[in-house]
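Structural overview
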Amino acid sequence: MSVYTNLSISIERILHLSILTLLSFAILVAFKLQLVEMYGYMGFQPFETDLRYIFITALSVIIISALMPATIRRPSDFFSFLFGLFVALPYMVLHPIGGAVESLGFITNLFLLLIPILSVRLCALLACPIRTPIVLTQEKVINVVLIVCFFGTCWSVLNAPSTAGFDMGLSYERRIEGRETFPGGTFVAYLNSIVVNGLAPFIAFLGGARKQYWLSVFALACGISFFYILGLKAPVFYIFIASIMGCLSRDSKIKGVPKIFMYLLLGSFLLAALEVVIFFDYSLVVDYFHRRVFSIPPFVLSGYFDLMFIDPSSGWSLLYGLNPPEGITFLVGEKYFGNPNTNANTNAFILQLAAGGLLPYLLTISLVSVIFCFLDSIFLSRRDPVQLYIGFSYAILLLEQSATTALVSSGVAVLIFLSIICRSEGGFVVVRMK
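First, a word on scope: everything that follows refers to the structure included in this document. (Residues numbered from 1 in each chain as written. Predicted model: local features only at pLDDT ≥ 70, side-chain atom pairs only at ≥ 80, totals over all residues. Heavy atoms only, no water.)

Looking now at the packing of aromatic side chains. Applying the stated criterion to the full structure yields 25 aromatic pairs. Of the aromatic side chains, those joined through ring pairs into one cluster are Phe31, Tyr39, Tyr41, Phe44, Phe47, Tyr53 and Phe299. For the cation-ring pair, Lys32 lies above Phe47, with the distance from its terminal atom to the ring centre recorded as 4.6 Å. The aromatic ring of Phe227 is capped on one face by Arg174, whose charged end is 4.8 Å from the ring centroid. (Phe/Tyr/Trp six-rings, centres within 6.5 Å; stacked < 30°, edge-to-face > 60°. Lys NZ or Arg CZ within 6 Å of the ring centre and 35° of its normal.)

With that settled, consider the nonpolar core. Counting residues in each nonpolar core, the largest one holds 134 residues, and the members touching the most others are Phe79, Leu85, Ile328 and Tyr394. The residues touching Leu85, leaving out its near neighbours within four places in the chain, are Leu20, Leu23, Met68, Pro90, Met262, Leu265 and Phe294. (Core = buried A, V, L, I, M, F, W, Y, C linked by side-chain atoms within 4.5 Å. Buried < 20%, exposed > 50% of the residue type's maximum accessible area, 1.4 Å probe, protein only. Contact = heavy atoms within 4.5 Å.)

Moving on to helix α9 (residues 234-250). When the terminal C-alpha atoms of α9 are compared, their 25 Å separation across 17 residues agrees well with the 24 Å that a helix rising 1.5 Å per residue should span. Within the sequence span of α9, burial applies to Pro235, Tyr238, Ile239, Ile241, Ala242, Ser243, Met245, Gly246, Leu248, Ser249 and Arg250. Those residues of α9 that are buried are in contact with α3 (75-93), α7 (187-209), α8 (213-230), α10 (257-279) and α15 (385-398). In the stretch just after α9, Ser252 is the one whose phi turns positive, near 60 degrees. (Helix = DSSP H or I, 4+ residues; strand = E, 2+ residues; numbered from the N terminus. Expected span 1.5 Å × (residues − 1).)

In the structure shown here, the tally under the stated rule is 0 disulfides. Sulfur of Cys128: no disulfide; nearest cysteine sulfur belongs to Cys373 and is 7.4 Å away. Judged by relative accessible area, which is 41%, Cys128 ranks as partly exposed. Not engaged in a disulfide, the cysteine Cys247 finds its nearest cysteine sulfur in Cys222; these two sulfurs lie 18 Å apart. Judged by its relative accessible area of 26%, Cys247 falls in the partly exposed class. (Disulfide = S-S within 2.5 Å.)

The backbone of Lys211 sits at a positive phi, close to 60 degrees, despite the residue not being glycine. Overall, Lys211 belongs to the exposed group, its relative accessible area being 55%. Although it is not a glycine, Arg383 sits at a positive phi angle of roughly 55 degrees. Following the sequence through the fold, Arg383 ends up in the loop between α14 (358-382) and α15.

Note that all results are geometric; they support no functional claim without further evidence.
So this is what it looks like as structure tokens:
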């Protein structure tokens, strides 16, 4: 490796750390200046930014910066980047959001969040090219996926709950009624999940990658339909991002996704600052975007950590976890956020630790690591951007779903299977990584 290359890598890492530091500061400022006062009724707690807080937070940002990739070179990089940016970093910055956290408790919690990243990165070193037989063309796969999305969406629209509509304020009510209209475990519930979380974003990605933008429009229509039916907002965002990633994959620019993400997030904070100046100490961006992305996840995590390590009456056990009849997510929603209908989802690993104890936590880490290692191996053989997209899709679902739910119910397993038995064609380019 040349001196010039070493210097470029060093500058890239310094820039990466600098951006993460700026993001950390922006997350803290948005919380302090607006969110803690507005959402104190939900349980957001004010806290002091003393020397102890500054030291442990700064050290944590350095650690996570070292673990997060600055560029995307393989599917597993998406997990390390997204989990670091949207789970570990916000918790590091806002760890006292649910109440004071002792130093030892913070170190324990941080360690539990970083083990999955370490495991996935270590397993990535074991990846080697794997060749699989090609039995389908991509055109046939697209046709099948389009048919499933079309009939799945139409069926749900025709059987939509009575609260169906486009009112943003009633989205929670639509979600609650949707659980009764499409009960969990039924075929229709599974079809809804696989369409909106897996197949529709996949079609949007292919639309961008193949310059067939009608595919992206079709996927967006599916996402909007499910917002109408069930009040689901996140899938619309995922579909939009998937289409953009497809466009980036055409020119091998997908490796720059970390920089794009972080620059956009910094831009959103600058926009929020402008709003504060114009609207006198209030920002819509902070209220509706930054709160959901950067404040709610660490707040929910604080509830899980309290359940496991602070509350002696919870009944949680390191060996067996805690598996109440209503499910751990609803228990946390009722116990720590005051609403029995709140489905307080968190990342796949802490969810398994809380529900099942240490062994399911470790098994989940192993499962995720093996899946990403397999995706890396297929990608090393084909350099196909589809594997990169699936890595992104699985990683982003793991932020708020269990590993098996994301794999099976959200259709990631289906996408992996389809990607390894079909060949890329019709406008796709092979990703070239230096």
